[in-house]
Amino acid sequence: MHDFTYKNNQLYCEHVRVSDIVSRVGTPAYIYSRKTFMDHIRKIQKAFRSLNPLICFSMKANSNLAILRTMVREGAGLDIVSGGELYRAKRVQCPPGKIVFAGVGKTENEIRDALRYGILFFNVESIPELELIQKIAGAMRRKARVSLRINPDVDSRTHHYVTTGKKETKFGLDLRTAEEIFSHRDRYPALEFCAIHVHIGSQIVIWDPFVQAFKKVLAFTEDLERMGGKIRFLNLGGGWGAVYHKEKPQTADQLAKKIAPLFKGRRFELVFEPGRFISANGGILVTRTTYVKQTPVRNFAIVDAGMNDLIRPSLYDAYHEICPLVRKSGTSKRIYDVVGPICESGDFLAKGRTLQKIEAGDYLAVMSAGAYGFTMSSNYNSRPRSCEVLVDGRKFKVVRKRETYASLVAGEAF
Ligand code: LLP
């Protein structure tokens, strides 16, 4: 599942000892395994090879240029949601025909830039957005390819913050509205309605919501084709779960077994937008214990990474396994809350974990931090953001420098 393993009680990333990296770059540090990322992309390519989908890595999960470039070189495209993400896509020379653009709030400038670059299509989420794209494309005398993102009203049974396919959420178009848009498509002469999009949520560990949603997409697409439409692409979104703890998400093979038969023999070109599945298990966040504090009711390991570095535990109550960089033999185990230095009780990385005895100076790895880790980090409490390191076999490279105090205030004036 990943390439972080113990050899002689020391944690390694591929063939590099994690403590060797940390002694060079300090903590907190995000450390990524190139091989783990590649393995996950290849698993998808292999499982779905009969359908030959375009895999657009959802860069909100991990947008470091070095990682994006590796993905693009592997043939992947990119799923973007902002002008900033488009900028990153251009920086790694992602072919425009492999970029899909989602999000409920695309601005005029973002739409113009994406049109100019010639992206594959916009995943459109509302009528006002459609009208704006029409206006901009018309003025630019361009044809904009659009994909209607439908909201299939399917429960993906995941955390409610990352559920996107229920009708109460802000995402997508209900089927009636989407159909109405389509029947009045001559109102949008600058648009080419060439795709349907669906994305029902994130960290989905069961297959039936996907099948339910995709069946709705197919039935809907057939309706549109009866109305004379020509749908070339089906963008089936992302959302495939990764392993954090005891959950047993679908493997790419298992998903393909359920999903591929739905599309076999049909002429649609498929797009997938996985983020977490590809990158979650390929990254860790390494942190150093500053103090161990005992209170009458808790043992706290106070570490130098906090919710500004990894917000998932605080925001979603997410579970990330904690592993020591060095396994000590013969020490007793204790129960710890692993907490950051930030002035909020919500600032924790793990609670109630049974771990080997921790002392000040000990290093811990927060596992499965390669998706929605660094990308969601912030400067809260004026903390410089961590560095990022990419390991490839026996080599490692700092692919983002640690921020400095000067970079914290860059752009401010007084
Ligand atoms: N496509 C669309 C349109 C999306 O909105 C997302 C994620 C993806 C693809 C990729 O989803 P994935 O395959 O990674 O599940 N910050 C949260 C996750 C937010 C997901 C947002 N949308 C977390 O840390 O759990």
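Residues numbered from 1 in each chain as written. Predicted model: local features only at pLDDT ≥ 70, side-chain atom pairs only at ≥ 80, totals over all residues. Heavy atoms only, no water.

1. A closer look at the sheet that holds strand β3 (residues 16–17)
Part 1 of the reasoning: Strand order in the open sheet formed by 3 strands is β1-β2-β3, with antiparallel pairing between adjacent strands. Whereas interior strands pair on both sides, the edge strands pair on one side only; in this sheet they are β1 (4–7) and β3.
Part 2 of the reasoning: Of the pairings in the sheet, the one linking β1 to strand β2 (residues 10–13) comprises 4 bridges and is antiparallel in character. Within the sheet, the bridge partner assigned to tyrosine 6 lies in β2 and is leucine 11. (Pairing = 2+ DSSP bridges. Helix = DSSP H or I, 4+ residues; strand = E, 2+ residues; numbered from the N terminus.)

2. Focus on the sheet that holds strand β12 (residues 269–272)
Part 1 of the reasoning: As summarised here, the arrangement of the 8 strands in space is β5-β6-β7-β8-β9-β10-β11-β12, forming a closed barrel in which the pairing is parallel. Averaged over all adjacent pairs, the angle separating strand axes in this sheet is 30°, with direction ignored.
Part 2 of the reasoning: In this sheet, strand β10 (residues 191–197) lies alongside strand β9 (residues 144–149) in parallel orientation, the contact comprising 6 bridges. Bridge pairing in β10 links valine 146 to phenylalanine 193. (Axes fitted to C-alpha atoms, helices over the stretch in contact; angles between N-to-C directions.)

3. Some points on helix α9 (residues 252–263)
Part 1 of the reasoning: When the terminal C-alpha atoms of α9 are compared, their 16 Å separation across 12 residues agrees well with the 16 Å that a helix rising 1.5 Å per residue should span.
Part 2 of the reasoning: Among all positions in α9, only Ala252, Leu255, Ala256, Ile259, Ala260, Leu262 and Phe263 are buried. Viewed along the axis of α9, the buried residues span an arc of 140°, placing them on a single side of the element. With respect to the buried face of α9, the exposed residues turned more than 90 degrees away are Lys257 and Pro261.
Part 3 of the reasoning: Elements in contact with the buried residues of α9: α2 (34–47), α8 (208–226), β11 (233–235), β12 and α10 (276–279). (Expected span 1.5 Å × (residues − 1). Buried < 20%, exposed > 50% of the residue type's maximum accessible area, 1.4 Å probe, protein only. Arc of directions from axis to C-beta. Contact = heavy atoms within 4.5 Å.)

4. Some remarks on the site of the ligand
Part 1 of the reasoning: Every one of the 20 residues lining the ligand counts as a neighbour, but Ser202, Glu273, Arg312, Tyr316 and Tyr372 are closest to it.
Part 2 of the reasoning: Glycine 239 is positioned such that a nitrogen or oxygen atom in its backbone is 2.8 Å from an oxygen atom of the ligand.
Part 3 of the reasoning: Tyrosine 316 is positioned with one of its side-chain polar atoms (N or O) 2.7 Å from a nitrogen atom of the ligand.
Part 4 of the reasoning: Surface burial for the ligand is 91%, taken as the share of its 590 Å² of free accessible area covered by protein chains.
Part 5 of the reasoning: Counting only domains with at least three residues in the shell around the ligand, you end up with domain 1 (4–32 + 281–399) and domain 2 (33–279). (Near = heavy atom within 4 Å. Polar contact = N/O pair within 3.5 Å; in protein donor to acceptor, adjacent residues only side chain to side chain. Areas by Shrake-Rupley, 256 points an atom, 1.4 Å probe, with all protein chains shown as cover. Domains from an automatic or database assignment.)

5. Description of the packing of helix α5 (residues 108–117) against helix α6 (residues 127–140)
Part 1 of the reasoning: At a closest axis distance of 10 Å, the pairing of α5 and α6 adopts a crossing angle of 50°. Taken together, the axes of α5 and α6 lie oblique to each other. Relative to α6, α5 is oriented so that their crossing is right-handed. Listed contacts from α6 to Glu108, Ile111, Arg112, Leu115 and Arg116 of α5 are Leu132, Ile133, Ile136, Ala137 and Met140. (Parallel < 35°, antiparallel > 145°, perpendicular 65-115°, else oblique. Left-handed = near helix turned anticlockwise from the far one by under 90°.)

6. Topic: unusual backbone geometry
Part 1 of the reasoning: Here threonine 27 and proline 28 are connected by a cis peptide whose omega angle stands at -10°.
Part 2 of the reasoning: Turning to its location among the elements, proline 28 is positioned in the loop between α1 (18–25) and β4 (29–33).
Part 3 of the reasoning: Residue aspartate 153 is not a glycine yet carries a positive backbone phi of 55°.
Part 4 of the reasoning: Inspection of the secondary structure assignment puts aspartate 153 in the loop between β9 and α7 (175–183).
Part 5 of the reasoning: Even without a glycine there, the phi angle at serine 382 is positive, about 50°.
Part 6 of the reasoning: Topologically, serine 382 is positioned in the loop between β18 (363–366) and β19 (387–392).
Part 7 of the reasoning: Under the relative-accessibility criterion, serine 382 is labelled exposed at 53%.

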